[in-house]
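Tertiary structure, described
Next come the chains, spelled out residue by residue.
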Number of protein chains: 2
Amino acid sequence: MGALDECQYIVELENGVNLGDCIEPEALAIEDAVRVLLQGLGEDINREGLRKTPHRVAKALREGTRGYNQNVMDIVSGALFPEAGVESKLGNAGGAGGLVIVRDLDLFSYCESCLLPFQVKCHVGYVPSGHQVVGLSKLSRVAEVFAKRLQDPQRLANEISAALQHSIKPTGVAVVLQCSHIHFPDFQGLNVENAHSGGPVSKSWCPSEAFRKMGQSDSAMISAVSSILHSLGENPSRKELLETPARFLNWLMNFKNCNLDMKLNGFVRTNGDFTSNEDRICSELSLPFWSQCEHHLLPFHGVVHIGYYSSNRVNPVGKSLLQSIVHFYGFKLQVQERLTRQIAESVSSFLGEDVMVVVEANHTCMISRGIEKFGSSTATFAVLGRFSTDSTARTKFLQIIPNLS
Amino acid sequence: MGALDECQYIVELENGVNLGDCIEPEALAIEDAVRVLLQGLGEDINREGLRKTPHRVAKALREGTRGYNQNVMDIVSGALFPEAGVESKLGNAGGAGGLVIVRDLDLFSYCESCLLPFQVKCHVGYVPSGHQVVGLSKLSRVAEVFAKRLQDPQRLANEISAALQHSIKPTGVAVVLQCSHIHFPDFQGLNVENAHSGGPVSKSWCPSEAFRKMGQSDSAMISAVSSILHSLGENPSRKELLETPARFLNWLMNFKNCNLDMKLNGFVRTNGDFTSNEDRICSELSLPFWSQCEHHLLPFHGVVHIGYYSSNRVNPVGKSLLQSIVHFYGFKLQVQERLTRQIAESVSSFLGEDVMVVVEANHTCMISRGIEKFGSSTATFAVLGRFSTDSTARTKFLQIIPNLS
């Protein structure tokens, strides 16, 4: 089949499961709420990259929480198969006592404390009874039903196992989850509450609960997040969700548009007349960054590698300054390509024109929507000056970067 | 939200994307063809595990080849975003020359030579031009369009890159695929053609092309497979597909129901009166097996670990005999739970009542349908005699198995 010319049918591929074109009132309510959030972030909701963001966010959120509309009995009931156990001997096997384990199911869920997605590696085991087994894929499907909701890891495990116990009626069920929440930026550590003073020790796994509120959030934005929770089918008044809008905004406001350009006066390097033979490639590798995808309002994060030329007579620039630049351009609504260019241009304003920047990132929007490409990662490159013309220079820098594939 | 009682809506979750209830004529044609195949395999199409198999196969195949109905321009056109390049300096970055790479996209596809699914690790890179970039997830979605068809690795790479070049119009595109085809059983090696005699050397990557036909296939079954190809939207007469029905049947007929029980007279061990203190656990680990899931007519394969007690006076049984038993029960339409029990019961008929069997498997039906759990694996356990009552014995055997998590 040819690449393009033979495609005769037009199929909506957005988000894997077609939830209609989001003309339901819930979807429109989410879109309105997202517009409030974008404006609260100081953004122009009509700029090209953001124009369809409310629509994309509504689709992604509804897809990511579709478990509210799914029924376990429907999934399991057609997939229980008669299967004999051990007949003539002492023992357990098959449909009577034969342990079944499905390992390493990749799921993602939304943290009910802060509304950010988290990744789950799920292992499910059960012991069949009553001479029946369930289709193996149903263990995954049932786990998905509960993962696709606002969750807490322990409750997710409880709900999956209770649902399997109830629907399959086996001798026993075990669910093991390995959950990874997105890390919060370290420098917020300044705000970490002392767990031993004032109030009970927080036992939550969500890092948002360890951070003191950064000040009163805008009440219109709080209402907007509450209305999103409501539109997803949640009750914003249940006790685990009471603080969620404030915690989500605590995260989101890190990415507020400050409408400032970074000025680096005073850091400008006087460009000496050294020859290229004296130059060597300096590098600062694996500077962490956090950013928020402007297309889906979802985090992307990873590391930045910066390479530049320096003669022996110039001291390498401080790591903390480069990290500040990375944070400055990271903490905005962004796309990775722009982030890479902005860091390169900014760094080159005081390190000279020969700069190369590589950004390696994981995008939660690549795992938490219909695409669900769990192991994927993205690398973007900017090459200025000599790095744009000299492939040897590029190769030399790339070879310095650890584990770059 | 509670586990079960609050689910108010009933949503069909089968296969992720709802393709209707397969009432389209193409789906019914596939179901008819699958019935012909099941009968050709000597199966009773009304037995419980197979009753809905035609329906499941039709859904899975249509879902797995939905790329025939998808249009790249639809996917990309709404997701091109203006993005500046380097402005005041020499260089490439952002929307003009800034290389973008998305790595480690897990895909699966169907081999056009033999109709078995194969796994793909896909890496896509492009160099933006014209001051625009494409949404990162679209690189994955475009790759999916071509993966979800009958494919050959080189053509898949060509089609993905041509489609991206055509739709994004970048400076350049690169696609790297790492494809793994299911291995064919080694003992079929007896039938491998000598590549240096008779006819041109086959350059296909598909192992099916290295095997001589095992005899004339049933013409009704050949027609059935051809009709499936046609129903998926393919042209069964295009040259790459001409031999596909025969090659698929060459694989499938490995799993023909032979209606025989394995008799192991002559191997029966005389059960001595040794005490348990003299016994030790013997094991045969990682015996490979191939089987075919009776629910989806898709391969599952992996390894079998067998543990049993033996006194010092009894020689451990030959590995080749155990491997034969594993193959005997593997080469059928199966479910993993039954396979595990059958191996355990069969082995115990000559190795005594104390037998434990662990089967570790990868199910292509877990990756090649809507579920797409790429890294997942399944383990099933059968415990007979002492292994069913003595947890120390179970633990001891499990500790012998390498890398069992």
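Quick notes on the rules
- Residues numbered from 1 in each chain as written.
- Chains lettered and ligands numbered in written order.
- Predicted model: local features only at pLDDT ≥ 70, side-chain atom pairs only at ≥ 80, totals over all residues.
- Heavy atoms only, no water.
- Helix = DSSP H or I, 4+ residues; strand = E, 2+ residues; numbered from the N terminus.
- Buried < 20%, exposed > 50% of the residue type's maximum accessible area, 1.4 Å probe, protein only.
- Contact = heavy atoms within 4.5 Å.
- Areas by Shrake-Rupley, 256 points an atom, 1.4 Å probe, with all protein chains shown as cover.
- Axes fitted to C-alpha atoms, helices over the stretch in contact; angles between N-to-C directions.
- Left-handed = near helix turned anticlockwise from the far one by under 90°.
- Nonpolar A, V, L, I, M, F, W, Y, C, P; charged D, E, K, R; others polar.
- Least-squares fit on C-alpha atoms with pLDDT ≥ 70 in both.
- Phe/Tyr/Trp six-rings, centres within 6.5 Å; stacked < 30°, edge-to-face > 60°.
- Polar contact = N/O pair within 3.5 Å; in protein donor to acceptor, adjacent residues only side chain to side chain.
- Disulfide = S-S within 2.5 Å.
- Buried area = accessible area lost by both parts, 1.4 Å probe.
- Salt bridge = Lys/Arg side-chain N within 4 Å of Asp/Glu carboxyl O.
- Pairing = 2+ DSSP bridges.
- Expected span 1.5 Å × (residues − 1).
- Parallel < 35°, antiparallel > 145°, perpendicular 65-115°, else oblique.

1. Here's the deal with the overall build of chain A
- A tally of regular secondary structure across chain A gives 13 helices and 12 strands.
- Counting over 405 residues, chain A shows a buried share of 58%.
- By sequence separation, contacts in chain A at least 24 residues apart represent 74% of the contacts at least 6 residues apart.
- Counting every atom, chain A has about 16500 Å² of accessible surface; 51% of that belongs to carbon and sulfur.

2. Observations regarding the packing of helix α7 (residues 219–231) of chain A against helix α8 (residues 244–252) of chain A
Residues and elements named next belong to chain A.
- Where α7 contacts α8, the two axes come as close as 9 Å, and the packing angle between them is 115°. The crossing of α7 and α8 is right-handed. Packed against α7, whose contacting residues are M221, I222, V225, S226 and L229, the element α8 presents P245, A246, F248 and L249 at the interface.
- The residue inventory of the contact of α7 with α8, partitioned by class, reads 8 nonpolar, 1 polar and no charged.

3. Thoughts on the relation of the copies chain A and chain B
- In screw terms, the move from chain A to chain B is a rotation of 180° and a rise of 0.0 Å along the axis, fitting with an RMSD of 0.0 Å. Put plainly, the chains are arranged around a two-fold axis.
- When the interface residues of chain A are mapped onto chain B, 100% of them are again interface residues, pointing to one common binding face.

4. Focus on the packing of aromatic side chains
All names here are of chain B.
- In total, this model carries 18 aromatic pairs over all chains according to the counting rule given.
- Centroid distance F118 to W205: 4.8 Å. Interplanar angle 80°. Geometry classified as edge-to-face. Here F118 is found in strand β4 (residues 117–127), whereas its partner W205 is found in the loop between β7 (172–180) and α7 (219–231), with 87 residues between them in sequence.
- Ring geometry for Y309 against F387: centres 5.3 Å apart, planes inclined by 40°, an arrangement best described as tilted. Placement of the pair is Y309 in strand β9 (residues 298–310) and F387 in helix α12 (residues 386–389), with a sequence separation of 78 residues.

5. As for the side chain of T380(B)
- Along the chain, T380(B) falls in strand β12 (residues 377–384).
- On the accessibility criterion, T380(B) (1% relative accessible area) is buried.
- A polar contact is formed between the side chain of T380(B) and the side chain of Q336(B), at a distance of 3.0 Å.
- Excluding its chain neighbours within four sequence positions, the residues that come into contact with T380(B) are L99(A), V100(A), Q336(B), E337(B), T340(B), V357(B), V358(B) and V359(B).

6. Thoughts on the state of the cysteines
- As enumerated under the stated definition, the model contains 0 disulfides over all chains in all.
- Not engaged in a disulfide, the cysteine C206(B) finds its nearest cysteine sulfur in C114(B); these two sulfurs lie 3.6 Å apart.

7. A short note on helix α8 (residues 244–252) of chain B
Residue and element names in this part refer to chain B.
- Most of α8 sits inside the fold, with 9 of its 9 residues counted as buried.
- Here α8 has its buried residues at T244, P245, A246, R247, F248, L249, N250, W251 and L252.
- Buried positions along α8 lie against α1 (25–40), α7, β8 (280–293) and β9.

8. Comments concerning the interface of chain A and chain B
- Tallying the contact residues gives 99 residues for chain A and 99 residues for chain B.
- With both sides pooled, the region where chain A packs onto chain B buries about 8300 Å², and carbon together with sulfur makes up 54% of that total.
- Our enumeration of links across chain A and chain B arrives at 6 salt bridges.
- Here R338(A) and E83(B) are joined by a salt bridge, their closest N and O atoms 2.8 Å apart.
- One can count 26 residue pairs in polar contact (both at pLDDT 80 or more) joining chain A with chain B.
- In terms of residue class, the side of chain A that touches chain B is built from 41 nonpolar, 30 polar and 28 charged.
- Sheet topology places strand β3 (residues 100–111) of chain A next to β12(B); 4 bridges connect them, and they run antiparallel. Bridge pairing links R103(A) to S377(B) in β12(B).

9. Here we look at the pattern of salt bridges
- According to the stated counting rule, one finds 44 salt bridges over all chains in the structure shown.
- Residues R386(A) and D354(A) are paired through a salt bridge, measuring 3.7 Å at the closest nitrogen-oxygen approach. Placement of R386(A) in helix α12 (residues 386–389) and of D354(A) in the loop between α10 (336–351) and β11 (355–363) is noted, with a sequence separation of 32 residues between them.
- You can call D354(A) buried: its relative accessible area is 14%.
- Between R51(B) and E48(B) there is a salt bridge whose closest N-O contact spans 3.3 Å. With R51(B) and E48(B) both in helix α2 (residues 48–51) and 3 residues apart, this pair spans about one turn of that helix.
- The exposure class assigned to R51(B) is partly exposed, which follows from its relative accessible area of 44%.
- E48(B) sits in the partly exposed class, given a relative accessible area of 37%.
- Salt bridges sharing common partners tie together E112(A), R155(A), E159(A), E234(A), R238(A), K239(A) and E240(A).

10. Considerations on helix α9 (residues 319–330) of chain A
All names here are of chain A.
- Look at α9: 16 Å from first C-alpha to last across 12 residues, which is about the 16 Å you get at 1.5 Å a residue.
- The buried count for α9 comes to 9 of 12 residues, which makes it a mostly enclosed element.
- Along α9, the residues that are buried comprise L321, L322, Q323, I325, V326, H327, F328, Y329 and G330.
- Next to the buried residues of α9 lie β8 (280–293), β9 (298–310), β10 (333–334) and α10.

11. Some remarks on the packing of α1(B) against helix α3 (residues 53–64) of chain B
Residue and element names in this part refer to chain B.
- Following both chains from N to C, one finds α1 and α3 inclined at 125°, their axes separated by 8 Å at the closest point. Between α1 and α3, the interaxial angle falls into the category oblique. α3 is crossed by α1, and the crossing has right-handed handedness. Packed against α1, whose contacting residues are E26, A27, I30, E31, V34, R35 and L38, the element α3 presents T53, P54, H55, V57, A58, L61 and R62 at the interface.

12. Quick word on unusual backbone geometry
All names here are of chain B.
- You will see that H131, though not glycine, has its phi angle at about 55°, which is positive.
- Relative to the helices and strands, H131 is located in the loop between β4 and β5 (132–134).
- On the accessibility criterion, H131 (44% relative accessible area) is partly exposed.

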